[in-house]
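Read off the chains here:
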Amino acid sequence: MIKSAPVFSGLALAAAALMGAAGNASAQEQVVNLYSARHYQTDEALYSNFTQATGIKVNRVDADDAGILARLKAEGAASPADVILLVDAARLWKGDIEGLFKPIKSPTLEAAIPVNLRAKASPEGTTWFGFSTRARVVVYDKLKVKKTDVDTYEELADPKNKGLLCTRSGAHPYNLSLFSAVTEHLGAAKAEQWLKGLVANMARDPKGGDTDQIKAVASGECGVALTNTYYLARIMRSNAPEDKLLAERVGVVFPNQETWGTHVNIAGAAVAKNAKHEANAVKFMEYLATPEAQNYFANGNNEWPAVASVKVNNPALQAMTGGSFKSETIPVSVIGYNQVKVQQMLDRVGYK
């Protein structure tokens, strides 16, 4: 049985860890403390299966990516965290450069997770690994916009789409990650001009989340918008009449299929720098790469597994892609590396 709660005191957890250290050593080893930015019902089965298979209990603290990183920094060496689970490559990169993760050497993870979906290895090991992927796609109003006018990211900045574009904040991690990837593909100068073109094509100031962008396209407020695939998949899998109408009104494009491929982001995990149960943490991460866990992990949020040999039977994703799509192959680690540069560009072009 897994004990989970929205939050519990880092001090209490640290005290429990210290008490465990003073008590029975073997009992202490049968636990792993997880700080998670994922909040999906299917994860309960994921953690339960891990406990059944290994005897290691999962204690979980839930927060968002930024909250988890802030908590780790505040707790310092006293942190009880063993595994950090985040849902954006830029956040993983940020935690890495701030020295919050511990490099590990795991032949199992190195064999299972593609090189472009994990941190760059050092002599000490690799700090984080991706375990699922999602694409950042274009949704468009099928009554107003031609699919061929929005089938690349570059075209979103073309004057032909003036007054049609809606997005959430440019500084949101999902957009920062996309913009960082585009910068890697185009180079900084061209990427900044592209961002300037996006601003010029806005139907209204950036606001809301990805679901709000889909609704704005369906209502006619916008002609085209950006969203992560899992937001659209949730709508497509819903039985609510209003969601069925949304799904019917909007079209979806996986951009740049003829060039570098569609941008993908990850959810991934790392061993905490001050992990008290490092061996259990590595076992947990290796478990996330197994076929069974990959299905729970990815399908729980309508994503794709990071392990290429694992296939998920998700009707919404199948309908979106027709079975497959070309994704970009740049290392997701560069997404974080370009982030500061992109934020400066956003400030210069007035992207809110």
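A brief structural summary. Please read these numbers as outputs of a predicted model, since none were measured by experiment. (Residues numbered from 1 in each chain as written. Predicted model: local features only at pLDDT ≥ 70, side-chain atom pairs only at ≥ 80, totals over all residues. Heavy atoms only, no water.)

Comments concerning the nonpolar core
Working step 1: By size, the foremost hydrophobic cluster in this structure holds 78 residues, and its most contacted members are I84, F101, F131 and M285.
Working step 2: Apart from residues no more than four positions distant in its own chain, I84 is found in contact with Y35, I68, L72, F101, G268, A269, A270 and A272. (Core = buried A, V, L, I, M, F, W, Y, C linked by side-chain atoms within 4.5 Å. Buried < 20%, exposed > 50% of the residue type's maximum accessible area, 1.4 Å probe, protein only. Contact = heavy atoms within 4.5 Å.)

Overview of the packing of helix 7 (residues 173-186) against helix 16 (residues 339-349)
Working step 1: Where helix 7 meets helix 16, the closest approach of the two axes is 9 Å, and the angle between their N-to-C directions is 100°. Between helix 7 and helix 16, the interaxial angle falls into the category roughly perpendicular. For the pair helix 7 and helix 16, contact is made by L176, F179, S180 and T183 and by Q339, K341, V342, Q343, M345 and L346, respectively. (Axes fitted to C-alpha atoms, helices over the stretch in contact; angles between N-to-C directions. Helix = DSSP H or I, 4+ residues; strand = E, 2+ residues; numbered from the N terminus. Parallel < 35°, antiparallel > 145°, perpendicular 65-115°, else oblique.)

Points about the state of the cysteines
Here is the idea: a disulfide is a covalent bond, and it sits between the sulfur atoms of two cysteines.
Working step 1: Under the definition given, this model contains one disulfide.
Working step 2: Between the sulfur atoms of C166 and its disulfide mate C222 the distance is 1.8 Å. Disulfide C166-C222: torsion about the S-S bond near -75°, hence left-handed. Taken together, the positions of C166 in strand 7 (residues 165-166) and C222 in the loop between helix 9 (210-219) and strand 8 (224-228) put the pair 56 residues apart, joining distant regions of the chain. Take C166 and C222: they sit in the same class, and that class is buried. (Disulfide = S-S within 2.5 Å.)

A closer look at the side chain of N265
Working step 1: When you line up the elements, N265 lands in strand 10 (residues 264-272).
Working step 2: At a separation of 2.6 Å, a polar atom in the side chain of N265 contacts the side chain of D88.
Working step 3: Here the side chain of N265 touches S177 through a polar contact of 3.3 Å, side chain to side chain.
Working step 4: If sequence neighbours within four positions are ignored, N265 has contacts with D88, A89, S132, T133, R134 and S177. (Polar contact = N/O pair within 3.5 Å; in protein donor to acceptor, adjacent residues only side chain to side chain.)

Here we look at the packing of aromatic side chains
Working step 1: Applying the stated criterion across every chain yields a total of ten aromatic pairs.
Working step 2: Ring centres 5.6 Å apart and planes at 80° place the aromatic pair F179 and W194 in the edge-to-face group. With F179 in helix 7 and W194 in helix 8 (residues 188-200), this residue pair connects regions lying 15 residues apart in the sequence.
Working step 3: Overall, F179 belongs to the buried group, its relative accessible area being 1%.
Working step 4: According to the relative accessible area criterion, W194 is buried, its value standing at 6%.
Working step 5: Both rings, one in F254 and one in W304, keep their centres 6.5 Å apart while their planes meet at 75°; by these two values the pair is edge-to-face. Placement of the pair is F254 in the loop between strand 9 (250-253) and strand 10 and W304 in strand 11 (residues 304-305), with a sequence separation of 50 residues. The exposure classification of F254 matches that of W304, with both residues buried. (Phe/Tyr/Trp six-rings, centres within 6.5 Å; stacked < 30°, edge-to-face > 60°.)

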